[in-house]
Amino acid sequence: MNEYSVIKYPVSTEKAVRIMESENKLIFVVDKKAKKSEIKEALEKLFKIKVVKINTLNTPKGEKKAYVKLSPETPAIDVATQLGLM
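Residues numbered from 1 in each chain as written. Predicted model: local features only at pLDDT ≥ 70, side-chain atom pairs only at ≥ 80, totals over all residues. Heavy atoms only, no water.

Some words on the nonpolar core
For step 1, the next point in the chain: Residues Ile 7, Leu 26, Phe 28, Ile 39, Leu 43, Val 68 and Leu 70 are the most contacted members of the largest nonpolar core, which totals 20 residues.
For step 2, the next point in the chain: Elements that contribute at least two residues to this core include exactly strand S2 (25-30), helix H3 (36-47), strand S3 (51-58), strand S4 (64-70) and helix H4 (76-83).
For step 3, the next point in the chain: It is H3 that contributes the most residues to this core, four residues altogether.
For step 4, the next point in the chain: Leaving out residues up to four positions away in the same chain, Ile 7 has contacts with Phe 28, Val 29, Val 30, Ile 39, Ala 42, Leu 43 and Leu 46.
For step 5, the next point in the chain: Core analysis: the second largest hydrophobic core is formed by six residues, Val 11, Ala 16, Val 29 and Tyr 67 among them. (Core = buried A, V, L, I, M, F, W, Y, C linked by side-chain atoms within 4.5 Å. Buried < 20%, exposed > 50% of the residue type's maximum accessible area, 1.4 Å probe, protein only. Helix = DSSP H or I, 4+ residues; strand = E, 2+ residues; numbered from the N terminus. Contact = heavy atoms within 4.5 Å.)

See below:
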């Protein structure tokens, strides 16, 4: 899998923005079959960020969401601004 097939799109709901500000986390919808290590590698390559931890969640809609905790030197707000979410 290449990084563009692993990461589908970022989530920009009110909850996602609140988590971004308070916990320095970003939320992405990812490929159903992607492993945490593949998600981490793809994000670090695509956005040049340092990932600390990833939690995944399979939604009832059949999507897989990745909650990505960024390192303190990489503010989530800056990455969100680059993506056009803010």
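What to know about the side chain of Asn 24
For step 1, the next point in the chain: Considering the arrangement of structural elements, one finds Asn 24 in the loop between helix H2 (14-23) and S2.
For step 2, the next point in the chain: Relative accessible area serves as the criterion here: at 16%, Asn 24 is assigned to the buried category.
For step 3, the next point in the chain: Within the structure, the side chain of Asn 24 is placed 3.2 Å from the backbone oxygen of Ser 71, a separation counted as a polar contact.
For step 4, the next point in the chain: Among the polar contacts made by the side chain of Asn 24, one reaches the main-chain amide nitrogen of Ala 76 at a distance of 2.6 Å.
For step 5, the next point in the chain: For Asn 24, the residues in contact, after removing those within four places along its chain, are Ile 19, Val 68, Lys 69, Leu 70, Ser 71, Pro 72, Thr 74, Pro 75 and Ala 76. (Polar contact = N/O pair within 3.5 Å; in protein donor to acceptor, adjacent residues only side chain to side chain.)

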